[in-house]
Amino acid sequence: LDRRIEVRFDSNIDPGLPVEFRPSQRSESLRIGETGLAFYRIRNLSDEPIVARATYNVTPHAAGQYFAKLECFCFTDRTLAPGEEAELPVVFFVDPELVDDPDTSDINTVTLSYTYFRSTTADAS
């Protein structure tokens with residue numbers, strides 16, 4: 001579609017998880033239906049390995065069903081060595097059906113927000 005939407009990127013960290021985590025860019029404007037690529041950076045601030053996992057949400061919540069992630073660091077646990085820094089990609093698009101839904105047709109901005117937590121599972125990569 002010719003219509004554009006702004007995707008904002010947000011990051012949060014669970015208290016007690018010694019990492020620095022932030023988006024590489026604050027926002028991206030793209031056409032609805034166009035594939036976008038964004039990066040987040042994480043760094044282990046401790047002197048021990050950390051196994052962590054990111055959860056996400058999309059706001060406004062009504063737009064969440066139209067926000068599709070094709071590749072995301074949130075799909076698996078991640079082990080970070082002491083002091084390790086990593087660049088984390090997310091590949092996404094906003095489904096064109098967003099414009100046909102009366103509850104979302106006037107949305108021009110969505111926010112993709114991630115929160116990193118210490119993982120409670122052992123399937124780290």
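For the structure itself, consult the block above.
Residues numbered from 1 in each chain as written. Predicted model: local features only at pLDDT ≥ 70, side-chain atom pairs only at ≥ 80, totals over all residues. Heavy atoms only, no water.

Break down the nonpolar core for me, with residues and values.
Judged by nonpolar contacts, the single largest core of 33 residues is most densely connected at Phe-73, Val-90, Tyr-114 and Tyr-116. Of all the secondary structure elements, the ones that give two or more residues to this core are strand S1 (4–13), strand S2 (19–23), strand S4 (36–44), strand S5 (50–59), strand S6 (67–72), strand S8 (85–94) and strand S9 (109–118). At 5 residues, S8 tops the list of elements feeding residues into this core. Setting aside anything within four residues of it in sequence, one finds Val-90 in contact with Gly-36, Leu-37, Ala-38, Tyr-40, Lys-69, Glu-71, Cys-72, Phe-73, Leu-112 and Tyr-114. (Core = buried A, V, L, I, M, F, W, Y, C linked by side-chain atoms within 4.5 Å. Buried < 20%, exposed > 50% of the residue type's maximum accessible area, 1.4 Å probe, protein only. Helix = DSSP H or I, 4+ residues; strand = E, 2+ residues; numbered from the N terminus. Contact = heavy atoms within 4.5 Å.)

Quick rundown of the state of the cysteines? Include the residues and the values.
Going through the model one piece at a time under the given rule, you end up with 1 disulfide. Covalent S-S linkage joins Cys-72 and Cys-74, the inter-sulfur distance amounting to 2.4 Å. Here the disulfide of Cys-72 and Cys-74 is right-handed, its torsion about the S-S bond being about 130°. Residues Cys-72 and Cys-74 agree in their burial class; the two are buried. (Disulfide = S-S within 2.5 Å.)

How would you summarise the sheet that holds S9 if you had to cite specific residues and measurements?
Strand order in the open sheet formed by 5 strands is S3-S1-S9-S5-S7, and the pairing between neighbours is mixed. In this open sheet, the two strands that pair with only one neighbour each are strand S3 (27–31) and strand S7 (78–80). Taken pair by pair, the neighbouring strands of this sheet meet at an average axis angle of 30°, ignoring direction. For S5 and S9, the ladder comprises 8 bridges, and the chain directions are antiparallel. When the sheet's bridge partners are listed, Asn-57 is paired in S9 with Ser-113. (Pairing = 2+ DSSP bridges. Axes fitted to C-alpha atoms, helices over the stretch in contact; angles between N-to-C directions.)

Before we move on, can you summarise the packing of aromatic side chains with the specific residues and values?
The final tally for this structure, using the stated rule, is 11 aromatic pairs. Between the aromatic rings of Phe-9 and Phe-92, the centroid separation amounts to 6.0 Å while the plane-to-plane angle is 65°, which identifies the pairing as edge-to-face. You can see Phe-9 sitting in strand S1 and its partner Phe-92 sitting in strand S8, a full 83 residues away along the chain. The same class applies to Phe-9 and to Phe-92, which are both buried. (Phe/Tyr/Trp six-rings, centres within 6.5 Å; stacked < 30°, edge-to-face > 60°.)

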